[in-house]
Amino acid sequence: MRLKLNRNLKTAFWIVLGMGLLYLAGYLLISPGFVPPQFNEARNKSGLIAKEIVALTEESIKNLDVISLNERENNILKALNLVREELERAKNSRAKAVELTEQLDIMARGASGITPAKARNLAIEAVAKELSLISHMIVYNDILNGLLKTLELKFKGIGDSQEVQNIIKNMNNEAREINNLNESFNQKIQELDKVVGQ
């Protein structure tokens, strides 16, 4: 009798465990997704801010070609003036980066409330991409400041064109990385939308 009772308990245990696992799987796979409203609001704002940053960066890339051309043609004064304009644009980009950071903070805090877990992970990955974008903006601005100093030295007869061309090449690389990171952010957000059914 005791053996039969143990076998029934084991059977009942496995049935309950199986039902629990089925319920958990159903909850994780079938349950509707949820995204906190503050996450969505910050995500929309961050998307707009990032577009502005990318537009400023794309404009900067075009101007770098003009700066490079003027530098090669020894129009150093004109190149310097263009770099100063770029520095002003960089100030605008930094201000936008601060705004973006604030929105990413809201998104990061709101990500903990996103369900299912796959959507939450995508949200966290998206935030990480935009944080990386900000890091590249900082590097880009530092390189831009270096370009100004190098052109000023060249204007005084110190320095060479190759150094200027290398700096511009590095700036172009950073600008491309900024654009790539923003595209990656947008892809992660689109994946998140698919997972939560938005």
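Residues numbered from 1 in each chain as written. Predicted model: local features only at pLDDT ≥ 70, side-chain atom pairs only at ≥ 80, totals over all residues. Heavy atoms only, no water.

1. Points about the packing of helix 3 (residues 76–111) against helix 4 (residues 117–155)
For clarity, the cut-off: Between the N-to-C directions of two axes lies an angle of 0 to 180 degrees, each axis being a line fitted to C-alpha atoms and, for a helix, fitted only over the stretch in contact. Note on conventions: DSSP H or I runs of at least 4 residues are helices, E runs of at least 2 residues are strands, and numbering of each starts at the N terminus. Orientation labels follow simple angle bins: below 35 degrees gives roughly parallel, above 145 gives roughly antiparallel, 65 to 115 gives roughly perpendicular, and whatever is left gives oblique. Handedness of a crossing follows from how the near helix is turned relative to the far one, being left-handed for an anticlockwise turn of less than a right angle and right-handed for a clockwise one. The classification used treats Ala, Val, Leu, Ile, Met, Phe, Trp, Tyr, Cys and Pro as nonpolar, Asp, Glu, Lys and Arg as charged, and all other residues, Gly among them, as polar.
With their axes 9 Å apart at the nearest point, helix 3 and helix 4 run at an angle of 160 degrees to one another. Judged by the inter-axis angle, helix 3 sits roughly antiparallel to helix 4. Between helix 3 and helix 4 lies a crossing whose hand is left-handed. Among the residues forming the contact of helix 3 with helix 4, the class breakdown is 25 nonpolar, four polar and seven charged.

2. Here's the deal with helix 2 (residues 37–72)
Keep this limit in mind: Each helix should span, by expectation, one fewer than its residue count multiplied by 1.5 Å.
End to end, helix 2 covers 52 Å across 36 residues, agreeing with the expected 52 Å (1.5 Å per residue, within 8%). One or two residues past the end of helix 2 sits N74, with phi positive at roughly 60 degrees.

3. Thoughts on the side chain of K188
We apply this condition: Only protein chains enter the calculation, and the probe is 1.4 Å; a residue is then buried if its accessible area is under 20% of its type maximum, exposed if over 50%, and partly exposed in between. Whether two residues touch is decided by their heavy atoms; if any such pair falls within 4.5 Å, the residues are in contact.
With respect to the element layout, K188 can be found in helix 5 (residues 161–196). Residue classification places K188 among the buried residues on the basis of a relative accessible area of 18%. Excluding its chain neighbours within four sequence positions, the residues that come into contact with K188 are L122, E125 and A126.

4. A short note on the confidence of the model for the protein chain
Stated formally: Known as pLDDT, the predictor's confidence for each residue is given on a scale from 0 to 100.
Per-residue confidence for the protein chain averages 84 on the pLDDT scale, and 84% of its residues sit at or above 70. The lowest-confidence element of the protein chain is helix 1 (residues 2–30), averaging 53 in pLDDT; the highest-confidence one is helix 5, averaging 91.

5. Focus: the nonpolar core
For clarity, the cut-off: By nonpolar core we mean a set of buried residues, namely Ala, Val, Leu, Ile, Met, Phe, Trp, Tyr and Cys, connected to one another through side-chain atoms within 4.5 Å.
Of all hydrophobic cores here, the largest spans 45 residues; its most connected members are I67, L147 and L192. Elements with a contribution of two residues or more to this core: helix 2, helix 3, helix 4 and helix 5. When residues of this core are assigned to their parent elements, the largest contribution, 14 residues, is made by helix 4. Leaving out residues up to four positions away in the same chain, I67 has contacts with A79, L82, V83, E86, L147, L151 and I168.

6. A short note on unusual backbone geometry
Negative phi is the rule for most residues except glycine; trans is the rule for most peptide bonds. Of note, the amide linkage connecting T115 to P116 takes the cis form, showing an omega dihedral of 0 degrees. For P116, the location among the structural elements is in the loop between helix 3 and helix 4. Despite not being glycine, N74 shows a phi value in the positive range, around 60 degrees. Looking at where N74 falls in the secondary structure, it is placed in the loop between helix 2 and helix 3.

7. Regarding the pattern of salt bridges
Definition in use: Salt bridges are defined by distance alone: a side-chain nitrogen of Lys or Arg within 4 Å of a carboxyl oxygen of Asp or Glu.
Tallied over the full model, the rule gives nine salt bridges. Residue R43 pairs with D193 through a salt bridge whose shortest N-O separation is 2.7 Å. One end of the pair, R43, is in helix 2; the other, D193, is in helix 5, with 150 residues separating them in the sequence. Note that E59 is salt-bridged to R89, the shortest N-O span being 2.6 Å. Here E59 is found in helix 2, whereas its partner R89 is found in helix 3, with 30 residues between them in sequence.

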